[in-house]
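Architecture and fold: a report
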Amino acid sequence: MYIKASMDLIQFIRRCPSVFHAVDAIKAELKSEGFEELVEGKRWNLKKGNKYFVARNYSSIIAFKIGEELDDYSFNIVASHCDSPGFKIKDNYKIEANKKYVQLNTEKYGGMIYSTWFDRPLSVAGRIISKNSDLFETKLVNIDKDLVLIPNVAIHMNREVNSNMKYNEQVDLLPLYGIYSEGTDSFMDLVSSYACIQKENIISTDLFLYSRTEPAIWGENGEFISSPKLDNLQCAYATLQGFLRGKNNKTVSVYCCFDNEEVGSSTKQGAASTFLEDVLNRINGNLGKSREEYLCALASSFLISADNAHAVHPNHPELSDPTNRVYMNEGIVIKHNANQKYTTDAVSSALFKEFCKSANVPYQNYTNRSDVAGGSTLGNIASTKVSINMVDIGLAQLSMHSSYETAGIKDTLYLIQASEEFFNSRIEEKSSGVLSVTK
């Protein structure tokens, strides 16, 4: 079962060369399960027992299943993100190097390990906005071939390459596209060809580099999985599967996958936006519930923020906390931070541990070293818009923000099973400081 879950994850990642393709892949899976697509700019007519989803900016998506017994209801929510650090191609993309080479002009998106992008096949994927008559339409494109490469400088010309190398984003990280030829510019011809639209209809683009290195299962006993974009497509995929499998008629089950976590979430489609709040309010209104009933529902609601975590590094165990250490294949990671970079507290940790125990899934506790500032994720950001009990969790991995990351073969299935158990459950606030979990 572990192998199948990981192979299915690999197939999902292969379909997601950009954040837009990730949302498209999620939409396709939801449609195959009978979910109805909604549009934010149209009125909604929601019914109990039905399943829906809505996308914003084609890069964030929220799906939900409405229970049939909602006299006294709550929301069960999982949230993850589907963007990854990388390089965005600028509008005026062509750089002619000494009239011998053609490079693509790029800028970085998010924080990445630069060295992992060198000397490997890359390509380009994203979205195109085209104009047909008076309509502006989104079209996804993936140039499905080895297209560009960022070459290293030879060690003979840079003797410091292995000693505290500092890369300049405008100089060292530009991808080589082709050989210069006077008067030619084939890149947009290639883009329009793969998108199957006329080049003159392309108005604007959001195009990104992506790694062509194939995912792999490896290790002495096949215990590891390596792939581009494990952070955070592994959590996005696993929580989606748990969401699809789980059911509780006394809740509204909600699946969220946000864009722009890697750059702070402060966009119209990020976790800091009104997207989740808007959807929950519209669900409540369509159910004929009052504002008072909405606030009561939030008090019994729960959100799992799922974003991968740092496993102990085999070469540098000293970088991890002395006692709260996590390892690949040893279960779901519950993240803690006294300064609330993670939203986990004693209440939300206890509830999540209960879901893991009920699903027979192992869990681990993670904190950063006290003298090391850790990263944040989307949970504490989302809580500023929708204030409910939340826990931050993830799956242990190595090489976070590398172009090729590594995780454990067992952990995808663990998160699927724990997420399913969560969606099968109902949390209810009985009185101040007293919560119950039922099915």
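Look up: the structure comes first, before these words.
First, a word on what this report is: a plain description of the structure on this page. Throughout, a residue's number is its position along its own chain's written sequence, starting from 1. Local features in a predicted model are, by the rule used here, given only for residues with pLDDT of at least 70; side-chain atom pairs are given and counted only at 80 or more, and totals for whole chains, interfaces and linings are based on all residues. Where side-chain values are given, they derive from all heavy atoms of the structure, hydrogens and water being excluded.

This brings us to the sheet that holds strand β17 (residues 363–366). Only strands that DSSP links by at least two bridges are regarded as paired with each other. Elements are defined by DSSP. Helices are runs of H or I of four residues or more, strands are runs of E of two residues or more, and each kind is numbered from the N terminus. Reading across the sheet, the 9 strands line up as β1-β2-β3-β13-β4-β14-β18-β16-β17 and stay open at both edges, with mixed pairing between neighbours. For this open sheet the edge positions go to β1 (36–38) and β17, each flanked by a neighbour on one side alone. The sheet shows a mean angle of 25° between the axes of neighbouring strands, taken without regard to direction. Sheet analysis places strand β4 (residues 74–81) next to strand β13 (residues 251–258), joined by 8 bridges and oriented parallel. Across the sheet, residue S80 finds its bridge partner in β13, namely C257. Fitted lines through C-alpha atoms serve as axes, helices being fitted only where they are in contact, and the angles separating the N-to-C directions of these axes extend from 0 to 180 degrees.

Where two cysteines share a covalent bond between their sulfur atoms, that bond is called a disulfide. Note on terminology: disulfide denotes any pair of cysteine sulfur atoms within 2.5 Å. For the coordinates displayed, the defined rule picks out 0 disulfides. With no disulfide of its own, C356 lies 12 Å from the sulfur of C235, the closest cysteine sulfur. Only protein chains enter the accessibility calculation, which uses a 1.4 Å probe. A residue is then buried if its area is under 20% of the maximum for its type, exposed if over 50%, and partly exposed in between. Using a relative accessible area of 0% as the deciding quantity, one classes C356 as buried.

The salt bridge definition used is simple: a Lys or Arg side-chain nitrogen within 4 Å of an Asp or Glu carboxyl oxygen. Scanning the entire structure with this criterion turns up 15 salt bridges. Where K31 meets E37, a salt bridge forms, and the shortest distance between an N and an O atom there is 3.5 Å. With relative accessibility at 36%, the residue E37 sits in the partly exposed group. Across the salt bridge formed by D371 and R369, the nearest N and O atoms sit 2.7 Å from each other. Under the relative-accessibility criterion, R369 is labelled partly exposed at 29%. Three or more residues are tied together by salt bridges with common partners; here these are K27, K31 and E37.

What follows is about the sheet that holds strand β20 (residues 405–408). A sheet is described by the order of its strands in space; here 5 strands give the open sequence β11-β12-β20-β19-β15, paired in mixed fashion. Because the sheet does not close on itself, it has two edges, and the strands there are β11 (216–218) and β15 (309–310). Pairing between β15 and strand β19 (residues 396–398): 2 bridges, direction parallel. Its bridge partner being in β19, A309 is matched across the sheet by A396. Residue contacts are counted whenever heavy atoms from the two residues lie within 4.5 Å of one another. Here helix α1 (residues 2–14) sits on the sheet in contact with β11 and β12 (224–227), set at roughly 0° to β12. Along the sheet, helix α4 (residues 230–245) makes contact with β12, β19 and β20, crossing β20 at roughly 35°.

Moving on to the layout of surface pockets. Of the voids in this model, the largest pocket is the one considered here, and its volume is about 600 Å³. Lining the largest pocket are 37 residues; nearest its centre among them are C16, P17, S18, Y210 and K229. At the level of elements, α1, α2 (19–32), β5 (86–97) and β10 (202–211) are the ones that each hand at least two residues to the lining of the largest pocket. The biggest single contributor to the lining of the largest pocket is β10, with 5 residues. Class assignment of the residues belonging to the lining of the largest pocket gives a composition of 14 nonpolar, 12 polar and 11 charged. A pocket here means an open set of points on a 1 Å grid, computed over the protein atoms alone, that has protein on both sides within 12 Å along at least five of seven lines. A cavity is instead a set of points where a 1.4 Å probe fits but cannot get out; residues with an atom within 4 Å of a point line either one. Grid points are joined across faces, edges and corners, and a volume is the space filled by probe spheres set on the points. As a volume, the second largest pocket reaches approximately 380 Å³. Polarity classes work like this: nonpolar for Ala, Val, Leu, Ile, Met, Phe, Trp, Tyr, Cys and Pro, charged for Asp, Glu, Lys and Arg, and polar for all others, with Gly in that last group. In terms of residue class, the lining of the second largest pocket is built from 7 nonpolar, 10 polar and 2 charged.

Spatial relationships are all this shows, so hold off on functional conclusions.
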